[in-house]
Amino acid sequence: MDYKKYIAGRLKADGVSYDDIYSAIAVPPAADMGDYALPCFKFAKVLRKIPVVIAQDLAAGFAPDGVISGVQAVNGYVNFTVNKAYLAKEVLNDVLSEGAAYGSCSEGAGKTVCIDYSSVNIAKPFHIGHLSTTAIGGALYKIYKFCGYNVVGINHLGDYGTQFGKLICAYKHWGDKKAVQQGGIHAINELYVRFNSEADEVMEQEAREYFRLIESGDKDANELFDWFKELTLDYVNGIYKKLNVTFDSYNGERFYSDKMQPVIDELKQKGLLKESEGAQIVDLEPYGMPPCLILRSDGASLYATRDLAAAQYRKDTYDFYKCLYVVAYQQNLHFRQIFKVLELMGKPWAKDMVHVAYGMVSLEDGAMSTRKGKVVWLEDVINKCVEKAGKIIEEKNPDLENKEDVAEKVGVGAVIFGALYNNKIKDIVFSYDKVLSFEGETSVYVQYTCARAKSVIDKGGVPSCYTAEDITPQEAEVVKQLALFRSAVQDAAKNYEPSYVARYAVDLAQKFNKFYFDCKILTAEGGKKDFRLALTAATLQTLTNALTLLGIGVPDKM
Ligand code: ARG
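Calculation notes
Residues numbered from 1 in each chain as written. Predicted model: local features only at pLDDT ≥ 70, side-chain atom pairs only at ≥ 80, totals over all residues. Heavy atoms only, no water. Helix = DSSP H or I, 4+ residues; strand = E, 2+ residues; numbered from the N terminus. Buried < 20%, exposed > 50% of the residue type's maximum accessible area, 1.4 Å probe, protein only. Contact = heavy atoms within 4.5 Å. Areas by Shrake-Rupley, 256 points an atom, 1.4 Å probe, with all protein chains shown as cover. Lys, Arg positive; Asp, Glu negative; His and termini not counted. Charge placed at Lys NZ, Arg CZ, Asp CG, Glu CD. Near = heavy atom within 4 Å. Polar contact = N/O pair within 3.5 Å; in protein donor to acceptor, adjacent residues only side chain to side chain. 1 Å grid on protein atoms, 1.4 Å probe; cavity = no way out; pocket = protein on both sides within 12 Å on 5 of 7 lines; lining within 4 Å. Sits in = over half its atoms within 2 Å of the grid points. Nonpolar A, V, L, I, M, F, W, Y, C, P; charged D, E, K, R; others polar. Axes fitted to C-alpha atoms, helices over the stretch in contact; angles between N-to-C directions. Left-handed = near helix turned anticlockwise from the far one by under 90°. Pairing = 2+ DSSP bridges. Right-handed = clockwise from strand over helix to strand, strands pointing away. Expected span 1.5 Å × (residues − 1). Arc of directions from axis to C-beta. Points joined across faces, edges and corners; volume = space filled by probe spheres on them. Salt bridge = Lys/Arg side-chain N within 4 Å of Asp/Glu carboxyl O. Core = buried A, V, L, I, M, F, W, Y, C linked by side-chain atoms within 4.5 Å.

Chemist: Describe the overall build of the chain, with residues and values.
Modeler: Each helix and strand in the chain was counted, giving 21 helices and 12 strands. Along the three orthogonal principal directions, the C-alpha set of the chain runs to about 85 × 65 × 40 Å. Buried residues in the chain amount to 52% of all 558 residues. Of all intrachain contacts in the chain linking residues separated by at least 6 positions in sequence, the fraction that spans at least 24 positions is 74%. Here the chain displays about 25200 Å² of accessible surface, and carbon together with sulfur accounts for 50% of that area. Put simply, the chain has 65 plus and 72 minus side-chain charges, and the middle of one group is 3 Å from the middle of the other.

What follows is the structure in structure tokens.
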């Protein structure tokens, strides 16, 4: 039941539309103000009455029924109280019958969303700075699927550029096949870092030549390049597996090598390309932006050129409804430029491109630096978190079975949740103690609540039928929160904010825990026991669905 629809459908006022009423209905901050409220202030002009009177008139015309049990006019608001027993029955029935699908919808049917996320750089560290894009993108991927969209996850690999010439050069001078095979990405990154600190002009020249060889299809250079790429992908795929993220395409920058010319031609033909100091640019000064560089004076393409080609390719291939780029806010200008150039090219779909920007992540014990190899690898952060989770579990519950599996779910969950819980644009300082706290607003807290609910269910079972009567305030709060899940998911998709789902889960866990401590479940009298077991099962299901959308596993016991 959509209560807002129900209420809006029953309210009538001349000159005020259903949509006006529907969109004005909100959930008040405190339960004693009712479950839904309609502020009447903005109807005053049309109805030529003061809000207080409008609210009184509307309330007087709305007789309570089996769905809405109370209607009250207070200071220009009409407050509606939902019949708690009716709501409880309906919500529990929905959750328990829909199971893992509870909260999903079909609003995205027939629409494709491309999500460019994680987008790692070959032979470069996969560091803590990649955490947010991977966690946020991975969650959006699942959230959009849950909302019925067809989703294409794209890892726009950074696999193009002069740095690969440098890498080959470094390998030729100092590399060792076996050592690189064994050391993988760390070994190749070391070679690259060494090149940057030790290479002289002769080596720089050689590196440029190697890059040219890659570009011209030279077999030896390309074999090396492909090997470095493979080593990097093997490595990152291991981390993606841990973080429960997947991709449908690994078409990186290099993939667009032969797809840039048509875009350049089109820019030229549309009169957008200008020469400036030998380079080819699109002038964006009228839009308050520096020019978008398309070709350098030596004819080389740029990051932006490849992104323009990639955008066109994605439109042609997937005919997307939206194309998202989950990339740090440092690239704000880059994406504003790209989107503007596409708009100037007359692409109507330029408006469907979205830069989903997020803030920086740093560690509590020192800011990260990407220069000079002083980098915090994401893998190390995950491992440390899993290790710490293991220690905590060992302390709290030494007899627990599958301790390693639980530590993995708790530790990995904490890393993901740590990146997702805050509004994405905020810079965050990652603290191990904070993300692993059992008391805070953490995945651990939510997982622990799941384990608690599971243990109740294991003892009492899930009743096949139950009656909902004399709902207590604690029960009502849980029910109300359960009912909000679908809209939390939809809002998360609409605002590109997985944090909505994360916060929702913490709220539900808190409400459930209040209920758990205040109300007896297994020893409750009469029909109450069955109802409370059903409520517990529905909470477990909904928390599980929420965590799954974020890529976080749920241990049975903790
Ligand atoms: N590889 C880039 C980086 O690490 C991110 C790529 C984002 N995607 C894109 N289509 N530009 O900064």
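Back to the text.
Chemist: Outline the site of the ligand, listing residues and values.
Modeler: Around the ligand sit D116, S119, N121, H156, Y303, D307, Y325, V327, Q331 and F335, and that is every residue in its neighbourhood. Between the ligand and N121, the relevant distance is 2.8 Å, taken from a nitrogen atom to a side-chain nitrogen or oxygen of the residue. Bound to the protein, the ligand loses 86% of the 350 Å² it would expose on its own. Judged by the fraction of its atoms near the pocket grid, the ligand is located in the largest pocket. Within the residue set of the shell around the ligand, elements represented by two or more residues are helix 12 (303–318) and strand 9 (322–328). Here the residues of the shell around the ligand are counted per class, giving 4 nonpolar, 4 polar and 2 charged.

Chemist: Before we move on, could you go through the packing of helix 18 (residues 473–483) against helix 21 (residues 527–550) and cite the residues and values that matter?
Modeler: Close contact between helix 18 and helix 21 brings their axes to 11 Å; oriented N to C, the two are set at 35°. Between helix 18 and helix 21 lies a crossing of left-handed hand. For the pair formed by helix 18 and helix 21, the contact residues are E475, V478, V479 and L482 on the first element and K528, F531, R532, L535, A538, T539 and T542 on the second. Looking at the contact of helix 18 with helix 21 residue by residue, the class counts come to 6 nonpolar, 2 polar and 3 charged.

Chemist: For the pairing of strand 4 (residues 112–116), give the residues involved together with the corresponding values.
Modeler: Of all 5 residues in strand 4, 5 are buried, a share of seventy percent or more. Both faces of strand 4 are covered, namely the face carrying T112, C114 and D116 and the face carrying V113 and I115. Where strand 4 meets strand 5 (residues 150–154), 5 bridges bridge the pair, whose relative direction is parallel. Each bridged residue has a counterpart across the sheet, and for C114 the counterpart in strand 5 is V152. The β-α-β motif built from strand 4, the intervening helix 6 (residues 131–146) and the parallel element strand 5 has right-handed crossover chirality. Both strand 4 and strand 9 contribute to a ladder of 4 bridges, which runs parallel. Across the sheet, V113 pairs through a bridge with K322, a residue of strand 9.

Chemist: Let's hear about the sheet that holds strand 5: which residues, and what values?
Modeler: Strand order in the open sheet formed by 4 strands is 5-4-9-10, with parallel pairing between adjacent strands. Strands with a single pairing partner mark the edges of an open sheet, and in this sheet they are strand 5 and strand 10 (353–358). With strand direction ignored, the average angle separating the axes of adjacent strands in the sheet is 20°. Sheet contacts for helix 13 (residues 332–344): strand 9 and strand 10; angle to strand 10, the most-contacted strand, approximately 175°.

Chemist: Tell me about helix 9 (residues 201–215), and name the residues and values.
Modeler: Compared with the 21 Å implied by 1.5 Å per residue over 15 residues, the 21 Å span of helix 9 between its first and last C-alpha is a close match. Along helix 9, the residues classified as buried are M203, A207, Y210, F211 and I214. Looking down the long axis of helix 9, one finds its buried residues gathered within 100° of arc, a one-sided arrangement. Facing away from the buried side of helix 9 by over 90 degrees, the exposed positions are E201 and V202. On its buried face, helix 9 is in contact with helix 7 (163–174), helix 8 (177–198) and helix 10 (219–243). Looking one or two residues past helix 9, G217 carries a phi angle of roughly 85°, positive in sign.

Chemist: Summarise empty space enclosed by the protein; cite the residues concerned and give the values.
Modeler: Scanning the model with the defined rule gives 3 cavities of 30 Å³ or more in all. In terms of lining, the largest cavity is formed by Y3, V27, D35, Y36, V82, L87, K480, A483 and L484. When the residues that make up the lining of the largest cavity are grouped by side-chain class, the tally is 7 nonpolar, no polar and 2 charged. In this structure, the second largest cavity occupies an estimated 40 Å³ of space. Around the second largest cavity sit S132, I136, Y358, G359, A419, N422, N423, K424, K426 and I428, which together line it.

Chemist: I'd like a rundown of the side chain of Q337, residues and numbers included.
Modeler: Locating Q337 in the fold gives a position in helix 13. Reaching out from Q337, the side chain makes a polar contact with the backbone oxygen of P291 at a distance of 3.2 Å. The residues contacting Q337, other than those within four sequence positions of it, are L284, M289, P290, P291 and C292.

Chemist: So what's going on with the pattern of salt bridges? Residues and values would help.
Modeler: Overall, the coordinates contain 32 salt bridges when judged by the stated rule. Here E408 makes a salt bridge to K242, at a shortest N to O gap of 3.9 Å. Here K242 lies in helix 10 and E408 lies in helix 15 (residues 403–420), a separation of 166 residues in the sequence. Relative accessible area serves as the criterion here: at 29%, E408 is assigned to the partly exposed category. For D283, the salt bridge is made with K274, and the minimal N-O distance between the two is 3.3 Å.

Chemist: Account for the nonpolar core, with residues named and values stated.
Modeler: Ranked by size, the top nonpolar core spans 165 residues in total, and within it L38, F80, I115, Y144 and F430 carry the most contacts. Among the elements that make up this core, the one with the highest residue count is helix 10 (12 residues). When sequence neighbours within four positions are dropped, the list of residues in contact with Y144 reads V113, I115, Y149, V151, L324, A493 and Y496.

Chemist: So, the layout of surface pockets: which residues are in play, and what are the values?
Modeler: If you add up the space inside the largest pocket, you get close to 1100 Å³. Taken together, 40 residues make up the lining of the largest pocket; nearest its centre are N121, K124, H127, H130 and Q331. Among the secondary structure elements, those contributing two or more residues to the lining of the largest pocket are helix 8, helix 12 and strand 9. Element by element, the count of residues in the lining of the largest pocket is highest for helix 8, at 5 residues. Its volume calculated, the second largest pocket comes out at about 540 Å³.

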